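Summary of the model geometry
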Amino acid sequence: MKNDLLELFLLLQDSKNSYDEYLKNENCFHYTKKIRLTNGKILSLISNNFFFTSVDLDKLISELKEHLIDWITLWDKETLRLKPKELDKFIFSGYKQYPKDLDKVIKQYLSID
């Protein structure tokens, strides 16, 4: 379980780093493709594993799953609708918010400062 939680943490960090690059590069579509790929990996990991760590963490992971399903669904829909080129500005909204305390709680379980 701890290995899965570490993998989840590393994937979340990868997604956040890609999001930071997206913001630094004027919301360019190119950067959202990496976020989409990583978010798909995260969704697969949390859908295929049971963490059973605590009620708090399980609740946050459930919220993360809802966020990712919403985000991926909207990304796919908007990509098909808009057919953006690599350098096009690509912004969409309407998905459930990322769970606020998830990173902090995972760090506590993994004893990461």
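In case you missed it, the structure is sitting above this.
No experiment lies behind these values; they were computed from the predicted model shown. (Residues numbered from 1 in each chain as written. Predicted model: local features only at pLDDT ≥ 70, side-chain atom pairs only at ≥ 80, totals over all residues. Heavy atoms only, no water.)

For the chain, the helix and strand inventory stands at four helices and zero strands. Order of helices (α) and strands (β) in the chain, N terminus to C terminus: α-α-α-α. Relative to the globule expectation of 13 Å for 113 residues, the C-alpha radius of gyration of the chain, 15 Å, shows essentially globular dimensions. With respect to the principal axes defined by its C-alpha atoms, the chain has extents near 40 × 25 × 20 Å. Residue pairs at least 24 apart in sequence account for 74% of intrachain contacts in the chain once pairs closer than 6 positions are excluded. Accessible surface, the chain: about 7,200 Å² in total, of which carbon and sulfur atoms supply 53%. (Helix = DSSP H or I, 4+ residues; strand = E, 2+ residues; numbered from the N terminus. Rg over C-alpha atoms; globule rule 2.2 N^0.38 Å. Contact = heavy atoms within 4.5 Å. Areas by Shrake-Rupley, 256 points an atom, 1.4 Å probe, with all protein chains shown as cover.)

A separate point is helix α4 (residues 102–110). For an α-helix the count is 3.6 residues per turn, leaving residues at separations of three or four pointing the same way. When we look at burial in α4, the residues that qualify are Leu102, Asp103, Val105, Ile106 and Leu110. Take α4 and look down its axis: the buried residues cluster within an arc of 165 degrees, on one side only. Away from its buried face, by an angle of more than 90 degrees, α4 presents the exposed residues Lys104 and Gln108. On the buried face of α4, the contacting elements are α1 (2–24) and α3 (55–82). (Buried < 20%, exposed > 50% of the residue type's maximum accessible area, 1.4 Å probe, protein only. Arc of directions from axis to C-beta.)

Turning next to the environment of tyrosine 109. Tracing the sequence through the fold places tyrosine 109 in helix α4. You can call tyrosine 109 partly exposed: its relative accessible area is 33%. Setting aside residues no more than four positions away along its own chain, tyrosine 109 makes contact with Lys2, Leu5, Thr53, Ser54 and Leu57.

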